[in-house]
Amino acid sequence: MNGLAIVENPLPYIARLETRPVESVDLVVVHCTELPDLATARDYGRKIHYADSGTGNSGHFYIERNGHIEQWVPVERVAHHVRGSNPRSIGIELVNSGRFPDWLDSRKQAMTEPYPPQQIESLIRLLVHLENKLRNLVWLAGHEDLDVSSVAATDNPEHRVRRKLDPGPLFPWTKILAKTRLKRLLPGSSSGSASF
């Protein structure tokens with residue numbers, strides 16, 4: 001579609017992920033990997049974190065800094081990428097170091113790596129593709145919008161830090177929303193209030 005190339009690279013456990021009707025998908029959640037590269041993200045995605053199901057944590061799509069897109073989980077399967085919203089959502093991971101390697105150190109919470117233009121252009125094209133493919137897709141959220149929990153900081157357990165800050169302050173929300181029909185899901189909303 002318009003030159004959009006998506007490389008299928010399924011995770012070994014996708015057959016164990018729960019199936020769903022694609023009509024149930026109304027939300028895309030944008031993440032950043034908070035890892036240095038796609039290979040490290042792949043290693044993490046292959047790990048089994050849930051012994052009862054034999055599955056792990058991953059998104060549906062991964063977009064490299066140069067705009068290369070891989071699909072690791074089919075859209076008709078539920079991926080484990082965001083607490084509480086997995087059954088209704090598609091997870092898109094942008095390769096970005098985020099807070100790596102000190103995710104929960106209270107002194108290192110700044111996310112300073114910008115998202116390259118080619119990565120953002122691939123994201124926009126993928127979102128438009130998904131809008132055309134999934135008729136009930138309406139909402140767009142960041143991981144940070146849906147997982148607002150905090151945990152003890154690794155450097156000082158008396159301090160609390162956010163578990164998730166991605167995609168972070170350098171993510172170009174205005175540009176993304178202007179180029180798609182999707183509406184931003186407000187933090188803390190489960191029903192779908194929109195904000196621009």
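Structural notes, computed from the coordinates. (Residues numbered from 1 in each chain as written. Predicted model: local features only at pLDDT ≥ 70, side-chain atom pairs only at ≥ 80, totals over all residues. Heavy atoms only, no water.)

**Some remarks on the overall build of the chain**
Then, in step 1: Helix and strand content of the chain: 4 helices and 10 strands.
Then, in step 2: Starting at the N terminus and walking to the C terminus, you meet the elements of the chain as β-β-α-β-β-β-α-β-α-β-β-α-β-β.
Then, in step 3: In terms of overall dimensions, the chain is globule-like: its C-alpha atoms have a radius of gyration of 16 Å, near the 16 Å expected for 196 residues.
Then, in step 4: With respect to the principal axes defined by its C-alpha atoms, the chain has extents near 50 × 40 × 35 Å.
Then, in step 5: Per-residue burial over the chain gives 52% buried out of 196 residues.
Then, in step 6: Considering only residue pairs separated by 6 or more positions, the chain has 74% of its internal contacts joining residues 24 or more positions apart.
Then, in step 7: Here the chain has roughly 9400 Å² of accessible surface; of this, 52% comes from carbon and sulfur atoms.
Then, in step 8: Each charge class in the chain was averaged separately, 24 positive and 23 negative side chains, and the resulting centres sit 3 Å apart. (Helix = DSSP H or I, 4+ residues; strand = E, 2+ residues; numbered from the N terminus. Rg over C-alpha atoms; globule rule 2.2 N^0.38 Å. Buried < 20%, exposed > 50% of the residue type's maximum accessible area, 1.4 Å probe, protein only. Contact = heavy atoms within 4.5 Å. Areas by Shrake-Rupley, 256 points an atom, 1.4 Å probe, with all protein chains shown as cover. Lys, Arg positive; Asp, Glu negative; His and termini not counted. Charge placed at Lys NZ, Arg CZ, Asp CG, Glu CD.)

**Focus: the pairing of strand β2 (residues 27–32)**
Then, in step 1: Burial analysis of β2 places 6 of its 6 residues in the buried class, the great majority of the element.
Then, in step 2: Alternating residues of β2 divide into Leu27, Val29 and His31 and Val28, Val30 and Cys32, and every residue in both groups is buried.
Then, in step 3: As defined by bridge partners, β2 adjoins strand β6 (residues 139–142) across 4 bridges and the pair is classed as parallel. Paired with Leu27 across the strands is Trp139, a residue of β6. (Pairing = 2+ DSSP bridges.)

**A word on helix α1 (residues 38–46)**
Then, in step 1: Residues of α1 that are buried: Leu38, Ala41, Arg42 and Gly45. For α1, the angular spread of the buried residues around the axis is 100°, confining them to a single face. The outward face of α1, more than 90 degrees from its buried face, is lined by the exposed residues Ala39 and Asp43.
Then, in step 2: Of the surrounding secondary structure, the elements contacted by the buried residues of α1 are β3 (61–63) and β4 (69–71).
Then, in step 3: Looking at where α1 begins, the residue whose side-chain oxygen comes 3.3 Å from the main-chain nitrogen of Ala39 is Asp37. (Arc of directions from axis to C-beta. Polar contact = N/O pair within 3.5 Å; in protein donor to acceptor, adjacent residues only side chain to side chain.)

**Regarding the packing of aromatic side chains**
Then, in step 1: Considering all chains together, one arrives at 4 aromatic pairs under this definition.
Then, in step 2: Consider the rings of Phe100 and Trp103, whose centres lie 5.6 Å apart with planes at 65°: the pair is edge-to-face.
Then, in step 3: When its relative accessible area of 34% is taken as the criterion, Trp103 is described as partly exposed.
Then, in step 4: Measuring from centroid to centroid gives 5.7 Å for Tyr115 and Phe171, while their planes differ by 90°, and the two rings are edge-to-face. (Phe/Tyr/Trp six-rings, centres within 6.5 Å; stacked < 30°, edge-to-face > 60°.)

**Some thoughts on the layout of surface pockets**
Then, in step 1: As a volume, the largest pocket reaches approximately 630 Å³.
Then, in step 2: Taken together, 26 residues line the largest pocket, and the ones lying closest to its centre are Tyr44, Asn57, His143, Arg163 and Lys164.
Then, in step 3: Going through the elements one at a time, β2 and α1 are the ones with two or more residues in the lining of the largest pocket.
Then, in step 4: Of all the elements, α1 adds the most residues to the lining of the largest pocket, at 3 residues.
Then, in step 5: Of the residues assigned to the lining of the largest pocket, the class counts are 9 nonpolar, 9 polar and 8 charged. (1 Å grid on protein atoms, 1.4 Å probe; cavity = no way out; pocket = protein on both sides within 12 Å on 5 of 7 lines; lining within 4 Å. Points joined across faces, edges and corners; volume = space filled by probe spheres on them. Nonpolar A, V, L, I, M, F, W, Y, C, P; charged D, E, K, R; others polar.)

**Overview of empty space enclosed by the protein**
Summary: where empty space remains is shown by rolling a probe the size of a single water molecule over the atoms.
Then, in step 1: Within this structure, the stated rule accounts for 1 cavity of 30 Å³ or more.
Then, in step 2: In this structure, the largest cavity spans a volume of roughly 40 Å³.
Then, in step 3: Along its surface, the largest cavity is lined by Asn96, Met111, Thr112, Glu113, Tyr115, Pro167, Gly168, Pro169 and Leu170.

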